[in-house]
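# Structural characterization, general
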Amino acid sequence: MTMTWQQLRDLKTQEFTEAATAWADASTRADAARDRISVGMIKSLEGQEGMSARSANDRLKRLDRNFDYIHTECGLIRTTLNSLAHELSEEQVRLKAALEEASERGYTVHADGSVQYPQGGENLLTKEPVPGGSVRGVDKPLYLQGADTHPLGKAPFPTNANPHHAVAQEIATRIMDVLKAAQGVDSRFTQALNRLKAPDGLEVTDATWADAAGDAAVVRKEAADYLRDTIPEGSSPADRNSWWSGLTDDQRAELLATYPDVIGSLDGVPSEVRDEANRDNLALLMGKLSEQDDEKSQTQLAGMRSIDNQLRNPLPGDPPMYLLGIGDQGGGRAIVAFGNPDTSRNVSAYVPGLGTALDAEFARNDVERARATAKGAQEHDKSSASIVWLGYDAPQLPAEKVLDNTDVMFKEHAEKGAPAYNQFMSGISATNQNPDPHVTAIGHSYGSLTVGQAALQSGGIPGVDDIVLVGNPGTGAQHADQLGVGKEHVYVGASDHDPVSMAPTKVESGAMLGGAGVGAVAGGVAGSVLGPLGTVGGAIIGGVAGGVHGLVVADAVTDDSQIYFGRDPAHEDFGANRFMVDDGPLPVFQGSGPMDAHSNYFKQQGAERADAILQETLAAVQPELKWNHGPGGSAGCTKGVAGAATGTGAADRVIAIMTVVSEQRRGALLGVIERDWKSRGYKITGVRNDTEVPAIYASTPDDYTLTVKVGGEGQFFLTAATPCLTDSDVQQPTTKPNTPDRKGEYPVRPDVQDEFWSATTPVPSGS
C-alpha cells in the first residue's frame, strides 16, 4: 500500500510508542514470572521425592524457559515499535517543514504531492509576469545528485524565469523523497515485526532460541539509529557508569532487551546489570550455535551449556555467580564472578593462559578456580569476590592452523589482551561501591604475561593493589617495580618442575634450534653410509646432540635470571615476593606428560571441592555419623586410540562411616542423603536396588560424581570424584575425622554404636 503525504502528516506516532509500552509491560511481567518460578517455586520443590514432584519440577523448568523466551521476544517487539515511531517521526518532521514552507510562500500542495505556485518574475520579451503552474517532485540525475541548492531554492541551472518554479520544484521533490523514505521505513519494520512470531504451542527448544537470535539480529540492525548510537561504547568506564546511572528505568529495560550483548560487555555498567544482560544473551548464543555444526561452534556451545547449568543450579553454600561477559568471537569470551564485584571489599581477577578457550574444560576447571578462590577468600573476609577473565584469545596448542602453533612464542596475544583487561579493571573501579577496595590481578601461564603487559601500560592496571603471577614465562619487565604496584606487592609462584617458568631465553632457544639443525644435517650425512635408516637415525641423534650443545653454549653467555619474555619473576633479581608451591611431577619422567607441573598450582582446588561436598553431606545427617577418611585415588582420563593419555586425571575422596548402621535403618540413611543431594541441585544418575549392597549415584552441576553405597557388614561409604582436571599430585585431605583412626587393614569395619542408627527396629513414623 502506497503511503500519501496526508497519511504521514496525520500519523499519530505516539500510538506506536503506547503499544511499545504495553509490550514492555508484558516483557517485564514475563521476567517477573520467570523469577518467581526459578527463585520461588522450583526452590520449594527441592528435597521432595516421587513422580509428582519430579513431574512438577520438569514442568516448572519448561515454564521458566517459556517466560524467558516471552520476556526476550516482547522486549524486541517493544524496541521495534519504538524504532518505527522514531524513524517515522523524523520523516514526519521533514514533511511538515516542507508543507510549512509551501504554505508560507502561498503554494498549494495537492493530494498527489504536486505543488502549485503563483505567477512571478518577468518575461524578457513581453515584460509580462511569468504565469504560475504546478510541478511534481523529480529524481535528480546522477550528475546533479549532491549539487548545492541556491539559498532561495533555485536549481543550479534555472530553466524557468518564474522564481517560484524552482522553489516549488524543490519542495515537491522534498515531499516525494520523504514519502519514499517513510514507505521504506514502513516496509522494513513490517518485515521485522512479521518475524517476531512464536510457533504454535510455544515449546521452547534450541531451534526456538536460534530463531530468537535471528529476530534479535534483525531488530538490532533496525534499531541502530534509534538506540545503538546512544550507547557510549567509546567512552571511559567511569563515563559509561555515569551514563547508565542517568538513564530512566524504561531506557535501561529497552537497552537490555535489544542489546544484551553490548550492555553485557560494557565495562563500567554495574555487575548485576551485566549479569542480567549476559544471561539473556547466553540463551540467544546457545540457540545460534545449536544451529551450526562446525567444531568451533559445538565446542563453544558445550562450554556455554555448562556455564548455563551452573547459573541455573547454584550450589548451596557457594557465593552468588555473576556472568559478566559471554561471546563467541575468536576462541570465545567468558567472564565469570563468584561474589558481587561491586559490593565486595576484596576483588581478584584471574587471567588464564595457554590453551584456554571457551569450552567445557574452561567451564569446569577455570570457573571452578574462581569459585574456589572466592570461597577461600571468604573464609577470611565475607566481602570477597573472585573473577575469571577470558576476555582475550589465548594461544592454543595444538592450534587449528599449523603456523599458529608458534603463537605462544610471541607477545602478540598478550599485547592485544592487555588493554581489554585494563578496561575491565577500570570498570571494576567505576562500579565498586567501597571507598578503597582491595583489588588483586592474578595471571597463570601466558595469562601472567598478559597481566604483566597490562601492568606495563601507561598508568598500570587500574585500581590494582597486588599482582600474583604463577607459572610465568616472563612479563616483559626486568624488575617488579616496573609493574606499577611496588615490588612488595608482586607475588610469584613457580614450581621447580614447571617447564614454562624454566623456559630458555630467546637467545638460548635460537641456539638450540640452530644447533639442532646443524647437528641433524651432520648426523644425517654421517649416518647415510648405513643407508636410509642410518640417515634418519643419524639426523635424530645429531639433532638432539646439536640442540643440547647449542643450549649449553648459549647458556654460558646469557644472564641466568633471564627467561623467554624477560627476567624471571621468580628470580631474586626481579625483586618480587616468591611464595611456596608444590613442585609437581618432573616433566616427562613423572606424571602423564611434560606440562603436568605447569597446572599443578590449581589441581588441589578440585580435591578440596570434593572434600567440601562430602562434609556438606555429612552435616545434613542427624544424628551425627562417626567417620574416617578412606584411601582416595586418582586415575588418568583417556580417550582416542588405545586409550591415549590426555594429560588429565580425576581424583576422588572417600569417607568410611564408622557408625554401625543397622539393616533396619539403611533405607532411612540413604533417603536422608538422597534428599540432601537433591536439595543442593545435584542430579541422581542411578540407584542400585540391592538388598545387601544398595547404592545411589549423583552428579553436581560442575561435574563432580558422588556415590553413597553399602559395603561389607553393612558399612556405608561416601565418595566424591572430581571431573577430569589437569593431571598432577594432590595433597591428602585436611578435614579432621570425628573419631580416632583405626589400626589395621582398610577397610576397618564400623564399631561405633548409635542409639538411632544402630537400632534394629524400623524407624518410628514421623522421625
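Residues numbered from 1 in each chain as written. Predicted model: local features only at pLDDT ≥ 70, side-chain atom pairs only at ≥ 80, totals over all residues. Heavy atoms only, no water.

## Considerations on the side chain of R274
Note the following rule: In this text, helices come from DSSP runs of H or I with a minimum length of four residues, and strands from runs of E with a minimum of two, each type numbered from the N-terminal end. Partly exposed describes any residue whose relative accessible area lies between the buried limit of under 20% and the exposed limit of over 50%, with all areas from a 1.4 Å probe on protein chains only and scaled to the type maximum. We call two residues in contact when some of their heavy atoms are within 4.5 Å.
As for its position among the elements, R274 is in helix α9 (residues 271-290). Given a relative accessible area of 5%, R274 falls into the buried group. In contact with R274, not counting residues within four places along its chain, are I263, G264, S265, L266, D267, G268, V269, L323, L324, I335 and F424.

## Quick word on helix α5 (residues 206-222)
Given 3.6 residues per turn, any residue in an α-helix points the same way as the ones three and four places further on. In plain terms, the rule: To estimate how far a helix should reach, multiply one less than its number of residues by 1.5 Å.
The terminal C-alpha atoms of α5 lie 25 Å apart, and with 17 residues this matches the ideal 24 Å at 1.5 Å per residue to within 8%. Among the residues making up α5, those that are buried are T208, W209, A210, A212, A213, D215, A216, V219, R220 and E222.

## With respect to the environment of K296
Tracing the backbone through its elements, the reader meets K296 in helix α10 (residues 295-312). Residue classification places K296 among the partly exposed residues on the basis of a relative accessible area of 40%. Along the chain, K296 and G332 lie 36 residues apart, while their C-alpha atoms are 9.2 Å from each other. When neighbours within four sequence positions are excluded, K296 is seen to be in contact with D328 and G330.

## Here we look at the pairing of strand β10 (residues 490-493)
Definition in use: In this analysis, strands are considered paired if DSSP registers two or more bridges between them.
The sheet contact formed by strand β9 (residues 466-470) and β10 spans four bridges and is parallel. Each residue of the ladder has a partner; that of V470, found in β10, is G493.

## Thoughts on the pairing of strand β6 (residues 346-351)
Filter applied, for reference: Note on handedness: a clockwise path from strand one over the helix to strand two, with the strands aimed away from the viewer, defines a right-handed crossover.
By the criterion of burial, β6 is predominantly enclosed, with five of the six residues buried. The parallel pair β6 and strand β7 (residues 384-390), bridged by helix α11 (residues 360-378), forms a crossover whose chirality is right-handed. Relative to strand β8 (residues 438-444), β6 runs parallel, the two sharing six bridges. Bridging across to β8, Y350 finds its partner in I442.

## Here we look at the confidence of the model for the protein chain
Stated formally: Scored from 0 to 100, pLDDT reflects the predictor's confidence in each residue.
Summing up the model confidence of the protein chain, the mean pLDDT is 82 and the portion of residues at 70 or higher is 78%. Per-element mean pLDDT across the protein chain ranges from 51 in helix α14 (residues 506-527) up to 98 in strand β5 (residues 333-338). Under a pLDDT of 50 for its full length, residues 149-157 has, in the predicted model, 13 contacts with residues more than four places off or in other chains. Residue range residues 638-648 is modelled with pLDDT below 50. Its contacts to residues more than four positions away, or to other chains, number 18 contacts.

## Some details on the nonpolar core
The test is simple: Buried residues of nine kinds, namely Ala, Val, Leu, Ile, Met, Phe, Trp, Tyr and Cys, make up a nonpolar core once their side-chain atoms join them within 4.5 Å.
Among the nonpolar cores identified, the biggest contains 38 residues, and I387, Y421, F424, I461 and I467 are the most heavily contacted of them. Among the elements that take part in this core, helix α12 (residues 412-431) stands out by supplying six residues, more than any other.

## Re the packing of helix α4 (residues 163-195) against α5
Note the cut-off: An axis is simply a line fitted to the C-alpha atoms; with a helix, the fit covers only the stretch in contact. Between two such axes, the angle follows the N-to-C directions and lies from 0 to 180 degrees. Should an angle lie under 35 degrees it is considered roughly parallel, over 145 roughly antiparallel, and from 65 to 115 roughly perpendicular; all remaining angles are considered oblique. Crossing handedness is read from the near helix: turned anticlockwise from the far helix by less than a right angle, it gives a left-handed crossing, and turned clockwise, a right-handed one. When residues are grouped by polarity, Ala, Val, Leu, Ile, Met, Phe, Trp, Tyr, Cys and Pro land in nonpolar, Asp, Glu, Lys and Arg in charged, and all others, Gly among them, in polar.
Close contact between α4 and α5 brings their axes to 10 Å; oriented N to C, the two are set at 160 degrees. Between α4 and α5, the crossing angle belongs to the class labelled roughly antiparallel. Seen from above, α4 lies across α5 with left-handed handedness. Between α4, through R188, F189, A192 and R195, and α5, the contact on the second element is made entirely by D211, G214, D215, V218 and E222. Considering only residue class, the contact of α4 with α5 consists of three nonpolar, one polar and five charged.

## Regarding empty space enclosed by the protein
The test is simple: Only protein atoms enter the 1 Å grid, on which a cavity is a set of points fitting a 1.4 Å probe that cannot get out and a pocket is an open set with protein on both sides within 12 Å along at least 5 of 7 lines, lining residues being those with an atom within 4 Å of a point. Grid points are joined across faces, edges and corners, and a volume is the space filled by probe spheres set on the points.
This structure, assessed with the given rule, holds three cavities of 30 Å³ or more. What lines the second largest cavity is simply D267, G268, V269, S271, R274, L324, D342, F424, G427, I428 and T431. Residue assignment for the lining of the second largest cavity shows that the elements contributing at least two residues are α9 and α12. In terms of residue count, the dominant contributor to the lining of the second largest cavity is α12 (four residues). Broken down by class, the residue content of the lining of the second largest cavity amounts to four nonpolar, four polar and three charged.

## Remarks on the side chain of S383
Test applied: As used in this structure description, the phrase polar contact means that two N or O atoms lie within 3.5 Å; if the pair is within protein, one of them must be able to donate a hydrogen and the other to accept it, and residues adjacent in sequence are counted only when both atoms belong to side chains.
Within the secondary structure, S383 sits in the loop between α11 and β7. Here R345 takes part through its backbone nitrogen, which lies 2.7 Å from a polar atom of the side chain of S383. Discounting chain neighbours no more than four positions away, the residues touching S383 are T343, S344, R345 and N346.

## A short note on the pattern of salt bridges
Stated formally: Any carboxyl oxygen of Asp or Glu within 4 Å of a side-chain nitrogen of Lys or Arg constitutes a salt bridge here.
In total, this model carries 33 salt bridges according to the counting rule given. We note a salt bridge from D267 to R274, for which the minimum N-O separation is 2.9 Å. The two residues D267 and R274 agree in class, both being buried. The partner of R279 in a salt bridge is D275, and the shortest N-O contact between them spans 2.9 Å.

## Remarks on the sheet that holds β6
Spatial strand order, β4-β5-β7-β6-β8-β9-β10-β13: eight strands in an open sheet with mixed pairing. Each end of this open sheet is capped by a strand with a single partner; those strands are β4 (321-327) and β13 (577-579). When the angles between neighbouring strand axes are averaged without regard to direction, this sheet yields 15 degrees. Where β4 lies against β5, six bridges are found, and the strand directions are antiparallel. When the bridges of β5 are listed, L323 appears paired with V336. Packed on one face of the sheet, α10 meets β4 and β5 and runs near 160 degrees to β4. Each of β4, β5, β6, β7 and β8 is contacted by α11, which is oriented at about 160 degrees to β7, the strand it contacts most.

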